[in-house]
There are 2 protein chains.
Amino acid sequence: MDTGSILKLDNQLCFAIYACAREFTKLYHPLLKELGLTYTQYITLLVLWEEDRITVKHLGTRLYLDSGTLTPLLKKLEAMGLVTRERDRQDERSVIIALTEQGILLKEKALDIPEQLICQAGVSPTEAAGLHAQMTELLKKVQAQQQVT
Amino acid sequence: MDTGSILKLDNQLCFAIYACAREFTKLYHPLLKELGLTYTQYITLLVLWEEDRITVKHLGTRLYLDSGTLTPLLKKLEAMGLVTRERDRQDERSVIIALTEQGILLKEKALDIPEQLICQAGVSPTEAAGLHAQMTELLKKVQAQQQVT
DNA sequence: CCCATTTAGATTGCATACAATTAAATTTAT
DNA sequence: ATAAATTTAATTGTATGCAATCTAAATGGG
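All values reported here derive from a predicted model rather than from experimental measurement.

Within chain A, the secondary structure is distributed over seven helices and three strands. In chain A, the succession of helices and strands from N to C terminus is α-α-β-α-α-β-β-α-α-α. Overall size of chain A, expressed as C-alpha extent along the three principal axes, is 60 × 40 × 25 Å. Out of the 149 residues in chain A, the part that is buried amounts to 47%. Sequence separation of at least 24 residues holds for 52% of the intrachain contacts in chain A that already meet a minimum separation of 6.

Below, the structure written as structure tokens:
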């Protein structure tokens, strides 16, 4: 890559990732609309369907999101009747998020989504798995650099 | 991958991409702050440094963004004195974005950024190139699916 | 025990993103 | 030519994201 092309948009890995993330989110949109969820609400529930009754802090660690994003989002999910928010008795600083009956039931409707999505994107399972491994590794690397400087 | 793990967050390619995009943007933040730019403003200028005097439509095609995002962003860049916005005389529907003298000069300060970023992320050039090619291919595929359904 | 430090959430302010709609200009079909 | 369809931006409304700050609670060293 010559010096003149360093700043070219189409040579930038970060941009490809950034644009891809948004295009993927748009692909999710019609599927999630049927469940009445946004993408961020959906991934929040993905975590809760794996491990229920967790703190906002832990949710943030899993999702790479902070309380500035999560607090309003969780209040929304609470208003929708999908989760409850309650202070931890053991540590009053923490807030514990738990699924409601309705939140648990919604999982059934969501089971088809990953399959449908991958099919729509037209990626082979092998390709998806390889890319997933690489992206996860890159994610760890980039995150590890956040506090170094 | 068994049935039970389909909905697991850490098995989702889209989430890895989405989280990676955000972590990358955070890594850019201190570097771009010195230029007084946000990431989206930065990539908009990347396009203009490649091809000046283009329409909002073309900018949107390059960046995968629509006028809902670009119009306020371009007004901001205009207020910062980096670009001008004027209707196309040949086609009054279009608005042509052009760099100002100041906008052109900013390119010099931005030249180091891609290098610094890649170094910070700790990715080898080979690895970055391979991943970039795969992500670009995936981006095209996902985008191509947007109007199919 | 007590004060300084740390930690967890909430809040504020700013900047995206994007769906949906609107308005104006251009193109197309008849 | 002219009405209908299409195209381009702008606007509106909703939902993130995140830096920076604030508050309350817990922790830890002296």
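This next bit is on the protein's contact with DNA strand C. The environment of DNA strand C is formed by 31 residues, the closest being Tyr18, Lys57, Thr71 and Lys75 of chain A together with Lys76 of chain B. Here DNA strand C approaches the protein such that, of its atoms within 4 Å, sugar and phosphate make up 83%. Residue Gln41 of chain B places a side-chain N or O atom 3.0 Å away from a phosphate oxygen belonging to DNA strand C. Here a phosphate oxygen of DNA strand C sits 3.2 Å away from a polar atom, N or O, in the main chain of Glu92 of chain B. Of all the secondary structure elements, the ones that give two or more residues to the surface near DNA strand C are helix H1 (13-33), helix H3 (56-63), helix H4 (67-79) and strand E2 (83-87) of chain A together with helix H2 (39-50) and helix H4 (67-79) of chain B. With five residues, the top contributor of residues to the surface near DNA strand C is H1 of chain A. Taken together, the residues of the surface near DNA strand C sort by class into six nonpolar, 12 polar and 13 charged.

Moving on: the side chain of Thr100 of chain A. Residue and element names in this part refer to chain A. On the secondary structure map, Thr100 appears in the loop between strand E3 (95-99) and helix H5 (101-110). The exposure class assigned to Thr100 is buried, which follows from its relative accessible area of 16%. From its side chain, Thr100 meets the backbone oxygen of Gly81 in a polar contact 2.6 Å long. Setting aside chain neighbours within four positions, we find Thr100 in contact with Gly81, Leu82, Val83 and Thr84.

Quick look at helix H7 (residues 125-144) of chain A now. The first and last C-alpha atoms of H7 of chain A sit 28 Å apart over 20 residues, in line with the 28 Å expected at 1.5 Å per residue. What H7 of chain A keeps buried is the set Ala128, Leu131, His132, Met135, Leu138, Leu139 and Val142 of chain A. Here the buried residues of H7 of chain A occupy an arc of 140° about the axis, which is enough to place them on one side. Packed against the buried residues of H7 of chain A are H1 and helix H6 (113-121) of chain A together with helix H1 (13-33), helix H6 (113-121) and helix H7 (125-144) of chain B.

As recorded in UniProt, the feature "domain: HTH marR-type" (unreviewed entry) lies at residues 10-144 of chain A. Taken end to end, residues 10-144 of chain A is 69% helix and 9% strand, and its first and last C-alpha atoms sit 26 Å apart.

Tallied over the entire structure, the rule returns 18 salt bridges over all chains. Ionic pairing is found between Glu23 of chain A and Lys26 of chain A, a salt bridge with its closest N-O pair at 2.9 Å. Placement of both Glu23 of chain A and Lys26 of chain A in helix H1 is noted, with a separation of three residues, approximately one turn of the helix. By relative accessible area, which is 3% here, Glu23 of chain A ends up buried. Taking relative accessible area as the criterion, Lys26 of chain A reaches 42% and is therefore assigned partly exposed. Note that Arg62 of chain A and Asp10 of chain B form a salt bridge whose closest N and O atoms lie 3.6 Å from each other.

This part covers the relation of the copies chain A and chain B. For the pair chain A and chain B, the relating rotation is 180°, the translation along its axis is 0.0 Å, and the fit reaches an RMSD of 0.0 Å. These values place the two chain copies in the arrangement generated by a two-fold rotation axis. Distance from the rotation axis, computed per C-alpha, reaches its smallest value in chain A at Ile17 of chain A: 3.1 Å.

Moving on to the interface of chain A and chain B. Contacts between the two partners involve 58 residues from chain A and, on the opposite side, 58 residues from chain B. Buried surface at the junction of chain A and chain B, summed over both partners, amounts to about 5800 Å²; 68% is from carbon and sulfur atoms. Our enumeration of links across chain A and chain B arrives at four salt bridges. If you look at where chain A meets chain B, you find 17 residue pairs in polar contact (both at pLDDT 80 or more). For the side of chain A that touches chain B, the secondary structure elements donating two or more residues are H1, helix H2 (39-50), H3, H5, H6 and H7 of chain A. A per-element tally of the side of chain A that touches chain B places H1 of chain A first, with 15 residues.

Rules used throughout
- Residues numbered from 1 in each chain as written.
- Chains lettered and ligands numbered in written order.
- Predicted model: local features only at pLDDT ≥ 70, side-chain atom pairs only at ≥ 80, totals over all residues.
- Heavy atoms only, no water.
- Helix = DSSP H or I, 4+ residues; strand = E, 2+ residues; numbered from the N terminus.
- Buried < 20%, exposed > 50% of the residue type's maximum accessible area, 1.4 Å probe, protein only.
- Contact = heavy atoms within 4.5 Å.
- Near = heavy atom within 4 Å.
- Polar contact = N/O pair within 3.5 Å; in protein donor to acceptor, adjacent residues only side chain to side chain.
- Nonpolar A, V, L, I, M, F, W, Y, C, P; charged D, E, K, R; others polar.
- Expected span 1.5 Å × (residues − 1).
- Arc of directions from axis to C-beta.
- UniProt positions renumbered as here; feature names shortened; annotations may be inferred.
- Salt bridge = Lys/Arg side-chain N within 4 Å of Asp/Glu carboxyl O.
- Least-squares fit on C-alpha atoms with pLDDT ≥ 70 in both.
- Buried area = accessible area lost by both parts, 1.4 Å probe.

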